[in-house]
Amino acid sequence: MEEKKDVLILGIESSCDETAASVVKNGRTVLSNVISSQIELHKLYGGVVPEIASRKHIEKINQVITEALEEANVTLDDLDAIAVTYGPGLVGALLVGVAEAKAISYAKNLPLVGVHHIEGHISANYIEHPDLEPPFACLVVSGGHTHLVVVKDYGKYEILGRTRDDAAGEAFDKVARAIGLGYPGGPKIDKLAKEGNPLAISFPKAKVADAPYDFSFSGLKSAVLNYLNGCKMKNQPIVEADVAASFQKAVVDVLVEHSMWAIDEYGFDKFAIAGGVASNSALRMAMEEACRKKDIKFYHPSPIFCTDNAAMIGVAGYYEYLAGTRSGLDLNAVPNLKLGER
């Protein structure tokens, strides 16, 4: 019997402010993971400026891909396919990765596989957990997305709940700005909250009447802003650490609550988190505790695989490639692509 050949995928990610490339072997082994972050650049503006992000991607993308290939000790000729994020994200930023992937695919006559960014985040869990296989439930929490998803099979998803307004990460950024912490808000609030009392201020937890699994964070954000304004008007001292801790608790409580309802209703024995906010220490601890109480296996990627990276795109791309997904050279960036759409 002949030995099965390894499948090598080059993953490319440029949906927001990270230019990333990675070579992934057989969908689970990351041979290289190169990320060029633009955080320092966007800090000056308090958030990601799409035009600047796009220009920076153009500057960095060839360099990042070359580095990823070198680190993996492979050439373009060794690859089986190119996987690239084509949505959702910032349209200008996505276009850079998509154009690059199409160029390599055309020049080297390699199959092109368009990957959904959220599918990438979910797939990040496969990298360090060889035992994790569908079906399981996954909470994707990032700057742009908050989705509670059933992973029915590789590449097959059912969305149980999503945010109706702000994503969780967006609320972190906005509240961080309001208490003067700057950008990026997630890690800064996480750090400051450790010094505060999460029970100091009672912030509201929104429920969406007709959709028990949906999220809403804009009311919470407004409540924090109102609290801060109220303190200023009454000349009351603001304890920033308490505000951060109480706000974070309100977000984490809702995320955990909805996830556990889903587990109860659908009877899952495996639960995963993914996305940038999945590296938040309070969320990890609370989820771990809640899963332990229900005797459920809890999975989460290392922080480097939570924030945007191309290894997760290579992993998702591998399973899409096996399923026969192929994109043509007419593949376009789709900034508001829904999960499960092609």
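All values reported here derive from a predicted model rather than from experimental measurement.

1. A short note on helix α11 (residues 311–322)
Then, number 1: Spanning twelve residues, α11 covers 17 Å between terminal C-alpha atoms, matching the ideal 16 Å at 1.5 Å per step.
Then, number 2: Counting buried residues along α11, eleven of its twelve residues qualify, which places the element largely inside the surrounding structure.
Then, number 3: Along α11, the positions that sit buried rather than exposed are Ala311, Met312, Ile313, Gly314, Val315, Ala316, Gly317, Tyr318, Tyr319, Glu320 and Tyr321.
Then, number 4: Among the residues trailing α11, glycine 324 stands out with phi positive, at a value near 90°.

2. Considering the nonpolar core
Then, number 1: Residues Leu139, Phe203, Phe247, Leu255, Phe271 and Met287 are the most contacted members of the largest nonpolar core, which totals 50 residues.
Then, number 2: Contributions of two or more residues to this core are made by β6 (136–141), β7 (146–153), α5 (168–178), α6 (185–193), α7 (218–233), α8 (240–266), β9 (270–274) and α9 (281–293).
Then, number 3: Ranked by residues supplied to this core, first place goes to α8 with 14 residues.
Then, number 4: Residue contacts for phenylalanine 271: discarding those within four places in its chain leaves Ala137, Cys138, Leu139, Leu148, Ser259, Ile263, Met287, Cys291, Ile296, Lys297, Phe298 and Tyr299.
Then, number 5: In this structure, Phe136, Ala274, Phe305 and Ala316 belong to the second largest nonpolar core, which totals 32 residues.

3. Here's the deal with the sheet that holds strand β1 (residues 8–13)
Then, number 1: With mixed pairing, five strands are arranged side by side in an open sheet as β3-β2-β1-β4-β5. Among the strands making up the open sheet, the edge pair consists of β3 (29–37) and β5 (112–116). Strand-to-strand, the axes of this sheet are offset by a mean angle of 20°, without reference to chain direction.
Then, number 2: The pairing of strand β2 (residues 18–25) with β3 spans eight bridges and is antiparallel. From the neighbouring strand, valine 23 faces β3, where its bridge partner is serine 32.

4. Description of the pairing of strand β4 (residues 81–87)
Then, number 1: Across the seven residues that make up β4, a large majority, seven, are buried.
Then, number 2: Alignment of β4 against β5, held across five bridges, turns out to be parallel. The partner of isoleucine 82 across the bridge, within β5, is leucine 112.
Then, number 3: Each parallel crossover has a hand, and the one from β4 via helix α3 (residues 91–108) to β5 is right-handed.

5. Description of the UniProt feature "binding site: Fe cation" (unreviewed entry) in the chain
Then, number 1: UniProt tags His117, His121 and Asp308 as "binding site: Fe cation" (unreviewed entry). These annotated residues cover 192 residues of sequence, but their C-alpha atoms sit close together, with the largest distance between any two at 8.9 Å.
Then, number 2: Looking at the secondary structure, you find histidine 117 in helix α4 (residues 117–128).
Then, number 3: Overall, histidine 117 belongs to the buried group, its relative accessible area being 4%.
Then, number 4: Ignoring anything within four residues of it in the chain, the contact list for histidine 117 reads Glu13, Ser15, Thr85, Gly87, Pro88, His145, Asp308 and Met312.
Then, number 5: Positionally, aspartate 308 belongs in the loop between α10 (303–306) and α11.

6. Here's the deal with the packing of aromatic side chains
Then, number 1: Overall, the coordinates contain nine aromatic pairs when judged by the stated rule.
Then, number 2: Look at tyrosine 126 and tyrosine 154: their rings are 5.2 Å apart centre to centre, the planes differ by 65°, and that puts the pair in the edge-to-face class. One end of the pair, tyrosine 126, is in helix α4; the other, tyrosine 154, is in the loop between β7 and β8 (156–162), and 28 residues separate them in sequence.
Then, number 3: Overall, the relative accessible area of 24% leaves tyrosine 154 in the partly exposed class.
Then, number 4: The interplanar angle of 90° and the centroid separation of 6.0 Å between the aromatic rings of phenylalanine 203 and tyrosine 227 together place this pair among those described as edge-to-face. Residue phenylalanine 203 is found in the loop between α6 and α7, and its partner tyrosine 227 is found in helix α7; the two are separated by 24 residues along the sequence.
Then, number 5: The structure contains a cluster of three or more aromatic residues connected by ring pairs, namely Tyr126, Phe136, Tyr154, Tyr318 and Tyr319.

7. Regarding the pattern of salt bridges
Then, number 1: Scanning the model with the defined rule gives 18 salt bridges in all.
Then, number 2: Residue aspartate 166 pairs with lysine 221 through a salt bridge whose shortest N-O separation is 3.1 Å. In this pair, aspartate 166 sits in the loop between β8 and α5 while lysine 221 sits in helix α7, placing the two residues 55 residues apart along the sequence.
Then, number 3: Residue lysine 194 pairs with aspartate 190 through a salt bridge whose shortest N-O separation is 3.4 Å.

About the cut-offs
- Residues numbered from 1 in each chain as written.
- Predicted model: local features only at pLDDT ≥ 70, side-chain atom pairs only at ≥ 80, totals over all residues.
- Heavy atoms only, no water.
- Helix = DSSP H or I, 4+ residues; strand = E, 2+ residues; numbered from the N terminus.
- Expected span 1.5 Å × (residues − 1).
- Buried < 20%, exposed > 50% of the residue type's maximum accessible area, 1.4 Å probe, protein only.
- Core = buried A, V, L, I, M, F, W, Y, C linked by side-chain atoms within 4.5 Å.
- Contact = heavy atoms within 4.5 Å.
- Pairing = 2+ DSSP bridges.
- Axes fitted to C-alpha atoms, helices over the stretch in contact; angles between N-to-C directions.
- Right-handed = clockwise from strand over helix to strand, strands pointing away.
- UniProt positions renumbered as here; feature names shortened; annotations may be inferred.
- Phe/Tyr/Trp six-rings, centres within 6.5 Å; stacked < 30°, edge-to-face > 60°.
- Salt bridge = Lys/Arg side-chain N within 4 Å of Asp/Glu carboxyl O.

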